[in-house]
Amino acid sequence: MNELRFAFRQLLKSPGFTAAAVLTLALGIGANTAIFSVANAVLLRPLPYRDSGQLVWVYRQNATLGYNRIVVTPGRFWNLQERNTCFSQMALLQPTDFTLVGDENPRQLRGLCVSPNLTQVLGVKPVLGRGFQSEEGEDGNHRVVLLSFALWQSRFGGDPNVIGRSIRSDTDTFTVVGVLPQDLHFPLGTLAGAATTLKQPAEIWTPAVWTPDQKAGKDGDGAGHVLARLKPDATVEQADAEVRIINEQYDGEQRRTDWTVRAELLEEQIAGHARPLIFLLLAAAGLVLLIACVNVANLFLMRGSARHKEMAIRAALGASRFQILRQLWSESLLFSLIGGGCGMLLAFWGVRALILLLPADLPRLGETQIDPAVLCFAGALSILAGLLFGSAPALQATRVGLNEAFKENSRGLTTTLRSHRLRNGLVVSEIALSLMLLAGAGLMVRSFAQLNRVQPGFDPENVLAVGLVFSPARYPGPAAREARQAFTSQLIERLEALPGVRSAAACMGVPLAGGRIFSNLPLLLEGQPVPAPGSEQFVRWRGVSPGYFSTTGIPLLKGRDFNDQDKPMVAAIVSEGFVRKYFDGREPIGLKCNLGEIIGVVGDCLDLSLDLPAEPRIYLPVYDFSTQAILVRSTGDPRALASAVEATVLALDKFQPVQSVQPLEQVLSESISQRRSQMVLLGLLASAALALAAVGIYGVMASLVIERTHEIGIRMALGARASDVFRLVVRNGMSLAMIGGVAGLIGTLALTPVLRSFLFGVNPMDPLTLIAGALLLTLVALLACWLPARRAAIVDPMVALRRE
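Cut-offs used in this document
Residues numbered from 1 in each chain as written. Predicted model: local features only at pLDDT ≥ 70, side-chain atom pairs only at ≥ 80, totals over all residues. Heavy atoms only, no water. Helix = DSSP H or I, 4+ residues; strand = E, 2+ residues; numbered from the N terminus. Buried < 20%, exposed > 50% of the residue type's maximum accessible area, 1.4 Å probe, protein only. Contact = heavy atoms within 4.5 Å. Areas by Shrake-Rupley, 256 points an atom, 1.4 Å probe, with all protein chains shown as cover. 1 Å grid on protein atoms, 1.4 Å probe; cavity = no way out; pocket = protein on both sides within 12 Å on 5 of 7 lines; lining within 4 Å. Points joined across faces, edges and corners; volume = space filled by probe spheres on them. Expected span 1.5 Å × (residues − 1). Bend = angle between axes of the 7 residues up to and from the residue. Pairing = 2+ DSSP bridges. Axes fitted to C-alpha atoms, helices over the stretch in contact; angles between N-to-C directions.

Student: When you look at the overall build of the chain in this model, what are you seeing that I'm missing?
Tutor: A tally of regular secondary structure across the chain gives 25 helices and 24 strands. When the 804 residues of the chain are sorted by exposure, 52% land in the buried category. Taking the intrachain contacts of the chain between residues at least 6 apart in sequence as the baseline, contacts between residues at least 24 apart amount to 81%. A total accessible area of about 35300 Å² is found for the chain, and carbon and sulfur atoms account for 58% of it.

Shown next, in the form of structure tokens:
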């Protein structure tokens, strides 16, 4: 306690020193705490289910057709449920859309049609009412719903008497039996063959109803995602191996060989794709903290030089080396804890900024908060930082002998050669770390610039993207496709009659909106022999309506567009890439394949992702999907048409809500949001590192000038000019910057494999970026040396000699 009280008095004695050290630490600890809070919410915090580590996601994949992590058919689900030995329970979840109707316009809710035992599989209980009962999975007993907590609050005002109330959909009336917990969510990812994703929590649950054929293991409608709970003695690796074997047996019985079924932990399915981004930010923030610690270590070294005599007197009076170390460590830990406290205050603001800057589809991002785990992390980081920056100065302070210390004092010297070397080494490491961060940020900027220059192959300006999802209950049976296409045709006709609309078209998913909007179809060109099983060639396809190419601005290079008389598998339009790959310079118009006669050729289009190369495409005149995208090209701002478009949809069908309305330019911007976040956040961290490096160089050079004032006075008394002294100080500082720059370039080389996966169109060792980063750091170092050098150049020799 005596040492802590003394440390506190030292802290108050030097307010400038204290403020500099505390603010530097607060910046490093605050950045790390804020980013760790995101990592804690997204990756570390258990999912809000009982024993969430035992929950497994089961999905299908087909590498040949380009399918991955898609829904499981009912036959496979019931077959797995009957034969597996690793799962204690299994449930099927079918993403669906629930159209809520009443006094207002119909509202489309994100819904799940689930096995009645899903709440038991998850190990959760409704906060109000009850879960589904097994008999409610039978036809006639299924008209019950569970509400999400958010829907209960927004639609029903949190009314505790909502249990037993009736709500109407566009096809039926349901009874509310329960309200789900607030933190229950299911980002299910992409649906097979659909343009929509369910990345937000479902708002309403209904029980799934199974037909006798489905329960007998026969495939049919009703595919969904499978969630299972492992038995206590089973592992996910065992479950993955078992479901693959069971699926192979099922394929053999069904005479199929093209599908694989896999199992992985639910936690991995939800957050696995976010791990690289989080780790990148944590690594960058860790470098900033290291630079901050180096800065504070240099401050303590400079302060130790001034306390050189004090340490010698302590030792002369009998203090052991350990006692002196303990005193200095107490001071550094006190500084670090105060800096950590200020850093936690910065982290509260930083968390809000991160939620705005990070991609909105990052899983569980909304759960980010400063909770006890984050506070413990910040406390541990503060103690670690205190030990890190306090050890070198403390050890240095205990290495001076008494005779040496008093002799140096008698000559007016205040530091030793070892102290100079240590401080210079710290500055070099600080510059090296800063250049690594600066190079990484520069590469991100160049990568994002390259991505922004990519031409998608279509013109998103003045195009409004409208999402529609048709309810299977309202469009049932074999005639559903014809009914949906008739509705879409009428809608396009009415939209094109609106003032300010140039054209409208329907397609299979909004371009660049995310999700798997393409699938592969087998391709057989006319005149080619039928390939042997396993050697087929496949091509990606998109279903579109007439007018799609003029609406999106995809250029029609040859032939003609679709018209209302064209039918699927009769007429087809192909991309330039398709012609290059399959026709080898032949004229494609009029040639036939198993997907139809080619009537036109259009330009290549990047409508899956801007950072993926254009693939050969074939377009078919199909626009009868249950999930539709309507594109409307306007003469002006497309947002002005939003209300008119929604009114037109409701005028055609008052029970058909619009799922989403947004400009296609906004969709394009959101498609690169993750890369934008990487660039902005890494740029901010690199800027902080650059500022800290500048402060570090300035501090060392300023200290050097103060310590060498006597020497400088002698030099000037012997005839040295002010310009000579100026160059001397600048040369010392820039030599450290050059050595640090070389070390930083070597460090950047070592990080090349890590950086490569985050870049687009840029080499991790891009010379332009590295040279620009080194020049910027050199300029900053030069500016940091300028003020101490100027101060040294105006030293009065008489004043310097008289002071000594």
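Continuing now.
Student: What is the right way to look at the side chain of Glu136 in this model?
Tutor: With respect to the helices and strands, Glu136 occurs in the loop between strand S5 (128–129) and strand S6 (144–147). Sequence-distant contacts of Glu136, that is, excluding residues within four places in its chain, are made with Arg130, Gly131, Asn141, His142, Val144 and Pro207.

Student: What is the right way to look at the layout of surface pockets in this model?
Tutor: Empty pockets left among the atoms are what a rolling probe the size of a water molecule brings to light. Estimates place the volume of the second largest pocket at around 410 Å³. Along its surface, the second largest pocket is lined by 18 residues, and Ala31, Trp349, Gly350, Leu684 and Leu685 are the ones closest to its centre. Those elements that provide at least two residues to the lining of the second largest pocket are helix H2 (15–44), helix H9 (275–306), helix H11 (321–357) and helix H20 (673–707). Residue contributions to the lining of the second largest pocket peak at seven residues, all from H11.

Student: When you look at helix H24 (residues 767–793) in this model, what are you seeing that I'm missing?
Tutor: Taking 1.5 Å of rise per residue, the 27 residues of H24 would be expected to cover 39 Å, and the 37 Å separating its terminal C-alpha atoms lies within 8% of that figure. Within H24, the axis deviates most sharply at Trp786, by approximately 30°, and proline Pro788 lies no more than four positions further along.

Student: It is not clear to me how the pairing of strand S23 (residues 627–634) should be interpreted in this structure. Could you clarify?
Tutor: Side-chain direction in a regular strand flips from residue to residue, so the side chains alternate between the two faces of the sheet. Most of S23 sits out of view: eight of its eight residues are buried. Residues of S23 alternate between two faces, with Thr627, Ala629, Leu631 and Arg633 on one and Gln628, Ile630, Val632 and Ser634 on the opposite face, all of them buried. Pairing of strand S14 (residues 463–469) with S23 involves seven bridges; the strand directions are antiparallel. Directly across from Val469, in S23, lies its bridge partner Thr627. Relative to S23, strand S15 (residues 501–507) runs antiparallel, the two sharing six bridges. By the bridge assignment, Ala505 is partnered in S23 with Leu631.

Student: I tried to follow the sheet that holds S23 on my own but got confused; where do I start?
Tutor: Sheet strands line up and pair through hydrogen bonds in the backbone, either parallel or antiparallel. Pairing within the open sheet is antiparallel, and its four strands lie in the order S15-S23-S14-S24. The sheet terminates laterally at S15 and strand S24 (660–663), the two strands that pair on one side only. Adjacent strand axes in the sheet meet at a mean angle of 20° when their direction is disregarded. Judged from the four bridges that link them, S14 and S24 form a sheet pairing that is antiparallel. Each bridged residue has a counterpart across the sheet, and for Val466 the counterpart in S24 is Val661. In the packing of helix H15 (residues 480–496) onto the sheet, the strands contacted are S14, S15 and S23, and the crossing angle to S15 comes to about 165°. Contacting S14 and S24, helix H19 (residues 664–671) runs over the sheet at an angle of about 85° to S24.

Student: What should I look at first to understand the environment of Thr73 in this one?
Tutor: Considering the arrangement of structural elements, one finds Thr73 in the loop between strand S2 (67–70) and helix H3 (74–83). Separated by 150 residues in sequence, Thr73 and Ala223 have C-alpha atoms that sit 4.2 Å apart.

Student: I'm lost on unusual backbone geometry in this one. Help?
Tutor: With phi around 60°, Arg364 is a residue other than glycine that occupies positive phi space. The topology assignment puts Arg364 in the loop between H11 and helix H12 (372–397). We classify Arg364 as buried; its relative accessible area is 10%. The backbone of Asn462 shows a phi angle near 65°, a positive value even though the residue is not glycine. Its place among the elements puts Asn462 in the loop between helix H14 (417–453) and S14.

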